[in-house]
Amino acid sequence: MIHAATGSKPGEEPVADTGDRKKIWREPVRGSYPDPRIFQLSGMDQLRSCMVGGWPRPPMSHLTGLSFSHADETETMMEQPASGWFLSSQGVIPGGFLAIVADAAFGAAITSRLPARTPFTTSEISLNFIKPATTRSRILRARGTALHVGRDTALAECVVEDGDGTILAHGTTRCVILDQLPPVDGGDGAEITLQEFLEASPPNPSVEYDSPSPYLRPVKGEPLSAATWEELSGREILERQIAGELPMPPIHHLTGMRPTSVGDGQATFVLPCTAWLTSGFGTIQGGVGAMLAYSALASAIQSTTEAGTAHLPVDLKVNYVRPAYPDPSGRDLCAEGRVVHRGRSLRVADAEVRNPDGKLVAVARGTSMLLPGQSAWAAA
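Keep in mind that what you see is a predicted model, and the values were worked out from it rather than measured.

In total, this model carries 15 salt bridges according to the counting rule given. With a shortest N-O distance of 2.9 Å, Arg331 and Asp357 are connected by a salt bridge. A residue pair is termed long-range when its members are at least 10 positions apart, and Arg331 in the loop between β9 (309-320) and β10 (332-342) and Asp357 in the loop between β11 (346-354) and β12 (360-372) qualify at 26 residues. Residue class for Asp357 comes out exposed when judged on its relative accessible area of 55%. Salt bridges sharing common partners tie together Asp45, Arg48 and Glu73.

With antiparallel pairing, 12 strands are arranged side by side in an open sheet as β1-β2-β4-β5-β6-β3-β9-β12-β11-β10-β8-β7. Looking along the sheet, the strands with just one partner apiece sit at the ends: β1 (67-71) and β7 (258-263). Each adjacent strand pair in this sheet contributes to an overall mean axis angle of 20°, direction not counted. On top of the sheet, helix α3 (residues 98-111) reaches β1, β2 (76-81), β3 (120-129), β4 (139-149), β5 (153-161) and β6 (167-177); it is set at about 135° to β5, its chief contact.

All right, on to the packing of aromatic side chains then. A full pass over the atoms with the stated rule returns 4 aromatic pairs. Clustering of aromatic rings is evident, with ring pairs tying together Phe39, Trp55 and Phe281.

Let us look at the confidence of the model for the protein. Atomic detail in the predicted coordinates should be set aside for any region of low pLDDT. Model confidence for the protein is summarised by a mean pLDDT of 90, while 91% of its residues fall at 70 or above. The low-confidence segment residues 1-19, where pLDDT is below 50, has 38 contacts with residues more than four positions distant or belonging to other chains.

Right, let's get into the environment of Trp85. Within the secondary structure, Trp85 is located in the loop between β2 and α3. Trp85 sits in the buried class, given a relative accessible area of 1%. Sequence spacing of Trp85 and Val219 is 134 residues, and the spatial spacing of their C-alpha atoms is 5.6 Å. Residues within four places of Trp85 in sequence aside, it is in contact with Ile24, Pro214, Tyr215, Arg217, Pro218, Val219, Lys220, Pro250, Ile251, His253 and Leu254. For Trp85, the side chain forms a polar contact with the main-chain oxygen of Arg217, separated by 3.0 Å.

Here we come to the environment of Gly366. As for its position among the elements, Gly366 is in strand β12. Taking the relative accessible area as the measure of exposure, Gly366 reaches 0% and is therefore buried. Sequence separation between Gly366 and Leu168 is 198 residues, and the spatial gap between their C-alpha atoms is 16 Å. If we skip the residues at most four places from it in the chain, Gly366 touches Leu297, Ile301, Asp315, Leu316, Arg347, Val348 and Ala349.

Rules used in this analysis
- Residues numbered from 1 in each chain as written.
- Predicted model: local features only at pLDDT ≥ 70, side-chain atom pairs only at ≥ 80, totals over all residues.
- Heavy atoms only, no water.
- Salt bridge = Lys/Arg side-chain N within 4 Å of Asp/Glu carboxyl O.
- Helix = DSSP H or I, 4+ residues; strand = E, 2+ residues; numbered from the N terminus.
- Buried < 20%, exposed > 50% of the residue type's maximum accessible area, 1.4 Å probe, protein only.
- Pairing = 2+ DSSP bridges.
- Axes fitted to C-alpha atoms, helices over the stretch in contact; angles between N-to-C directions.
- Contact = heavy atoms within 4.5 Å.
- Phe/Tyr/Trp six-rings, centres within 6.5 Å; stacked < 30°, edge-to-face > 60°.
- pLDDT = per-residue confidence, 0-100.
- Polar contact = N/O pair within 3.5 Å; in protein donor to acceptor, adjacent residues only side chain to side chain.

What follows is the structure in structure tokens.
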């Protein structure tokens, strides 16, 4: 199957140079996208087709293990292993990463209520964080529910839980319903049954790879030690990571996300804009943009913290301006974070995410709570 966004077959995305081949995000992309005839199904039958193998595994699933586990008329469920690959320098799975599994659950919940050939786009995502996620969480499970699906807009909520059912975050999303798609392959546009789709669709290709999916490999990188957080200010830590004097965390080695500059109350992060970050139909998954925005604004807040002061996320809101698409040469998405309020207990920062051509993709605002005298490890 041809990649919708890149025009290349799985395994044929351009690689920058020989040295980069050892970086996961520079490897040939794995996975593909569903037969376009799937849009002739109702939204619920699209989800059911996924449950019975009618969808090939998209790249995001190969990268992180994100999977669709349940759908009915009242709830959809996405699951994500709480892998050590997702750890930040603080030793936790960053709050922004939860947006990936939450966004997938949001999308599935809204899809379940839509007729055939009805696309939509995410307008905003809001998350309230309750408890940090760590590898001890085992599973990140997002339960999505559609609250309202109208003619022009839709609203959904989700709860993100760990493997024990403990709530880690609660979120909502608002989406815009778009014009109905034209009929597929010159047909009359009539809705078809799930059985008709499965009988007419070619079987998903079985591809053998010479290594496990990235999230199943031995983890590279590690969080910084508690002693480092106790000895250095938040800004000093970021400066030393940028200079290569301190190691980068596992999530960098998985995705390529990294800080490129830091100042007093400011931080910039970049993320290679590759097809590895796509799920479903070829665009960069909305939760990925939220993760990048979170990293920039949380690090802007970190740049204002003293040594031995942990900072925990309280909330995150992201408004989307336009979709992002994979860049054939793997250029970066870029997020610039800036602190807009410095309270004694709470600090607020904004971030802007831009695509490789410099066009605005999303704007975000987030709040963090300061915990003086506690290391990031203790807060986890």
